[in-house]
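Tertiary structure, described
Each chain, letter by letter, is given below.
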Amino acid sequence: MSDSDEKLRRLRTAPELPCPACGLPQEEARTPEHDLVRLEPALRVPAHVVPAERRWIELSDGRVTVYGVCPVDGAQQCRIEHVLVCPDQDLPDLWPWLTVVREETRRRAERRRATPELPEAG
Ligand SMILES: [Zn+2]
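The rules behind these values
- Residues numbered from 1 in each chain as written.
- Predicted model: local features only at pLDDT ≥ 70, side-chain atom pairs only at ≥ 80, totals over all residues.
- Helix = DSSP H or I, 4+ residues; strand = E, 2+ residues; numbered from the N terminus.
- Buried ≥ 20, exposed ≤ 12 C-beta atoms within 10 Å, placed from the backbone.
- Pairing = 2+ DSSP bridges.
- Expected span 1.5 Å × (residues − 1).
- Core = buried A, V, L, I, M, F, W, Y, C linked by C-beta atoms within 7 Å.
- Contact = placed C-beta atoms within 7 Å.
- Axes fitted to C-alpha atoms, helices over the stretch in contact; angles between N-to-C directions.

Some thoughts on unusual backbone geometry
- With omega at 0 degrees, the peptide bond leading from Cys 70 into Pro 71 counts as cis.
- Position of Pro 71 relative to the elements: it lies in the loop between strand E6 (64-66) and strand E7 (77-78).
- Positive phi, close to 70 degrees, is recorded for His 34, a residue that is not glycine.
- Looking at where His 34 falls in the secondary structure, it is placed in the loop between strand E2 (25-30) and strand E3 (36-39).
- With 7 C-beta atoms packed within 10 Å, His 34 lands in the exposed category.
- A positive phi angle, close to 65 degrees, is found at Ala 42, a residue other than glycine.
- With respect to the secondary-structure elements, Ala 42 resides in the loop between E3 and strand E4 (45-46).

Quick notes on the pairing of E2
- Sheet analysis places strand E1 (residues 16-18) next to E2, joined by three bridges and oriented antiparallel. Across the sheet, residue Leu 17 finds its bridge partner in E2, namely Gln 26.
- With antiparallel pairing between neighbouring strands as the criterion, E1 and E2 make up a hairpin whose turn holds six residues, including Gly 23 at a positive phi of roughly 85 degrees.
- Sheet topology places E2 next to E3; four bridges connect them, and they run antiparallel. Its bridge partner lying in E3, Glu 28 is registered against Arg 38.
- Where E2 hands over to E3, the hairpin turn is made up of five residues, of which His 34 adopts a positive phi near 70 degrees.

Describing helix H2 (residues 96-114)
- Taking 1.5 Å per residue as the helical rise, H2 with its 19 residues ought to reach 27 Å, and the 27 Å between its terminal C-alpha atoms agrees with that figure.
- Burial within H2 is sparse, with just zero of its 19 residues counted as buried.

A short note on the nonpolar core
- Listed in full, the nine residues of the largest apolar core are Ala 29, Val 37, Leu 39, Ala 47, Trp 56, Val 64, Tyr 67, Cys 78 and Ile 80.
- Beyond its immediate sequence surroundings of up to four residues, Trp 56 is in contact with Val 37, Leu 39, Val 64, Val 66, Tyr 67, Cys 78, Arg 79 and Ile 80.

A word on the sheet that holds E2
- Ordered in space as E1-E2-E3, the three strands form an open sheet in which the pairing is antiparallel. In this open sheet, the two strands that pair with only one neighbour each are E1 and E3. Adjacent strand axes in the sheet meet at a mean angle of 40 degrees, parallel and antiparallel pairs treated alike.

Here's what the structure looks like:
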């Protein structure tokens, strides 16, 4: 991408606005549905390391959309929301299925501690 392409792309996107939590700039982008997404500026990461619903890719018109393709193209890069790297906000639940499993194992561990002599039921 040439410098003029980069300038054009920046003109088409919303300006960078400070994060209300940490004060660092966030880049605002629109989805085709006109929703606003606050992206971490200048950060691109391999899509396969990001949960599908958290991957954002840029369209040719400067808007962004979720890259939910599965399986992921190993070469695909994506952008992520600032909230995922913000030092002053709680990290969202990135892997909900894993959170469900953790809650279940927490309950199993609590049952085992409460009644250590009983065999674990399937
Ligand atoms: Zn922040």
